[in-house]
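Descriptive structure summary
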Amino acid sequence: QVQLVESGGGLVQPGGSLRLSCAASGSISSIGAMRWYRQAPGKQRDLVAAITSGGSTDYADSVKGRFTISRDNAKNTVYLQMNSLKPEDTAVYYCNADVVYLWLRNFWGQGTQVTVSS
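Before going into details, it helps to say that this report is about the structure given with it. For clarity, every value in this text was computed on a predicted model and none was experimentally measured.

Moving on, we get to the side chain of Arg-38. Its place among the elements puts Arg-38 in strand β4 (residues 30-39). Relative accessible area serves as the criterion here: at 13%, Arg-38 is assigned to the buried category. At 3.4 Å, the side chain of Arg-38 forms a polar contact with the side chain of Ser-62. Polar side-chain contacts of Arg-38 include one of 2.9 Å to the side chain of Asp-89. If we ignore the near neighbours within four places in the chain, the residues touching Arg-38 are Gln-44, Arg-45, Asp-46, Val-48, Ser-62, Val-63, Phe-67, Glu-88, Asp-89, Ala-91, Val-92 and Tyr-93.

Rendered as structure tokens:
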């Protein structure tokens, strides 16, 4: 089995920064695309950022220029650097990854809360 464990969430003031981490462990041959989603109360879960195994990235329009996704393939870890945070960034942030072990499967982390408030 594979586990994705997020960390780095918390309470931050508007304009502040946070760095989320998500480490994959377990039965892993390789990891393809890794992604961050977020879900605010009463809203659907939306894609925030994605990164391929080769390092190509994509972002939601709402976070472009403020958030940066990166990964360390040696550590099976993906990061989300969040700068210039706004109250509307408040949500539970989830890590998602395409993991290969015998075949390709998709996994989710348990989520980490990010609250932007003064």
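A few words on the state of the cysteines. Within the structure shown, the criterion is met by one disulfide. With a sulfur-sulfur separation of 2.1 Å, Cys-22 is cross-linked through a disulfide to Cys-95. Between Cys-22 and Cys-95 the disulfide shows an S-S torsion of about -80°. By sign, it is left-handed. Of the two residues, Cys-22 sits in strand β3 (residues 18-26) while Cys-95 sits in strand β9 (residues 91-101), which places them 73 residues apart along the sequence. In terms of burial, Cys-22 and Cys-95 fall into one category: buried.

What follows covers the nonpolar core. Counting 29 residues, the largest nonpolar core has Trp-36, Leu-80, Met-82 and Tyr-93 as its most contacted members. Within the residue set of this core, elements represented by two or more residues are β1 (2-7), β3, β4, β5 (46-51), β7 (67-72), β8 (77-82), β9 and β11 (112-116). In terms of residue count, β9 provides more of this core than any other element does, five residues in total.

Thresholds, definitions, all that
- Residues numbered from 1 in each chain as written.
- Predicted model: local features only at pLDDT ≥ 70, side-chain atom pairs only at ≥ 80, totals over all residues.
- Heavy atoms only, no water.
- Helix = DSSP H or I, 4+ residues; strand = E, 2+ residues; numbered from the N terminus.
- Buried < 20%, exposed > 50% of the residue type's maximum accessible area, 1.4 Å probe, protein only.
- Polar contact = N/O pair within 3.5 Å; in protein donor to acceptor, adjacent residues only side chain to side chain.
- Contact = heavy atoms within 4.5 Å.
- Disulfide = S-S within 2.5 Å.
- Core = buried A, V, L, I, M, F, W, Y, C linked by side-chain atoms within 4.5 Å.

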